[in-house]
Amino acid sequence: MKNFFPIFVLLLMLTATSCQTRVVSAQKPMQANSLELYQKYTIQTHDAKQYKVEVLRQDAEKIYAKTKLGEEVTLKKSDIREVKKLNMLSSVFIAVAAVAAVIFVPI
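Below is a short write-up of the structure. Being a predicted model, the structure only gives us computed values, none of them experimental.

Counted under the stated rule, the structure contains zero aromatic pairs. Over the ring of tyrosine 64 we find arginine 57, and its NZ or CZ is 4.1 Å from the ring centre.

See below:
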């Protein structure tokens, strides 16, 4: 069982960082209700900058958000290339299910 713990932790970390839902992309353009207030998102602009923010408010042209460090960020909606939302609960569920399948399914 001690051999599985490092593998489990690595799998959990990999899954937690990779399970993100694309809210806005080239195929899904920004709409008025695309982003929920007080939710955390990863926003990528057209100049390849990434912001991990919590959305505070938005209007027709701009999104006002706060970073983890507490600084206010204002982003134009026309400059946004992609927005991703982290789904931690589903990430943990997928990792636990994968590890359980490896452990309990006989080969």
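Moving on: the nonpolar core. Residues Val23, Leu35, Tyr41, Ile43 and Val83 are the most contacted members of the largest nonpolar core, which totals 13 residues. Listing elements by their share of this core, those giving two or more residues are strand E1 (20-24), strand E2 (40-45), strand E3 (50-58), strand E4 (62-67), strand E5 (72-76) and strand E6 (80-86). Contact partners of tyrosine 41, with chain neighbours within four places excluded, come to Val23, Ser34, Leu35, Glu36, Tyr51, Lys52, Val53, Val55, Val83, Lys84 and Lys85.

Relative to the helices and strands, alanine 60 resides in the loop between E3 and E4. Given the relative accessible area of 74%, alanine 60 is considered exposed. Residues alanine 60 and lysine 77, spaced 17 residues apart in sequence, show a C-alpha to C-alpha distance of 8.1 Å.

This part is about the pattern of salt bridges. In total, this model carries two salt bridges according to the counting rule given. Salt-bridge contacts for arginine 22 lead to glutamate 82; the nearest nitrogen and oxygen are separated by 2.9 Å. Of the two residues, arginine 22 is situated in strand E1 and glutamate 82 in strand E6; the sequence distance between them amounts to 60 residues. The exposure class of glutamate 82 is buried, given its relative accessible area of 15%. Ionic pairing is found between glutamate 82 and lysine 84, a salt bridge with its closest N-O pair at 3.9 Å. Overlapping salt bridges, with partners in common, bring together Arg22, Glu82 and Lys84 in one network.

Read from one edge of the open sheet, six strands run E1-E6-E2-E3-E4-E5, paired in antiparallel fashion. Since the sheet does not close on itself, it has two edges, and those belong to E1 and E5, each with one partner. Between one strand axis and the next, the sheet turns through 45° on average, direction left out of account. Here four bridges tie E1 to E6, and the two strands are oriented antiparallel to one another. Its bridge partner lying in E6, valine 24 is registered against valine 83.

Mapped onto the secondary structure, glutamine 44 falls in strand E2. Those residues in contact with glutamine 44, other than ones at most four positions away along the chain, are Lys49, Gln50, Ile80, Arg81 and Glu82.

On the surface, Phe4, Ile7, Val102, Ile103 and Phe104 cluster together to form a nonpolar patch covering roughly 520 Å² of accessible area. Listed by contribution, the elements that provide at least two residues to the nonpolar patch are helix H1 (4-18) and helix H2 (88-104). Among the elements that line the nonpolar patch, the one with the most residues is H2, at three residues.

Thresholds applied
- Residues numbered from 1 in each chain as written.
- Predicted model: local features only at pLDDT ≥ 70, side-chain atom pairs only at ≥ 80, totals over all residues.
- Heavy atoms only, no water.
- Phe/Tyr/Trp six-rings, centres within 6.5 Å; stacked < 30°, edge-to-face > 60°.
- Lys NZ or Arg CZ within 6 Å of the ring centre and 35° of its normal.
- Core = buried A, V, L, I, M, F, W, Y, C linked by side-chain atoms within 4.5 Å.
- Buried < 20%, exposed > 50% of the residue type's maximum accessible area, 1.4 Å probe, protein only.
- Helix = DSSP H or I, 4+ residues; strand = E, 2+ residues; numbered from the N terminus.
- Contact = heavy atoms within 4.5 Å.
- Salt bridge = Lys/Arg side-chain N within 4 Å of Asp/Glu carboxyl O.
- Pairing = 2+ DSSP bridges.
- Axes fitted to C-alpha atoms, helices over the stretch in contact; angles between N-to-C directions.
- Patch = residues over 30% accessible without salt bridge, like charges linked within 9 Å, V, L, I, M, F, W, Y side chains within 5 Å.
- Areas by Shrake-Rupley, 256 points an atom, 1.4 Å probe, with all protein chains shown as cover.

Purely spatial values, then, with no claim about function.
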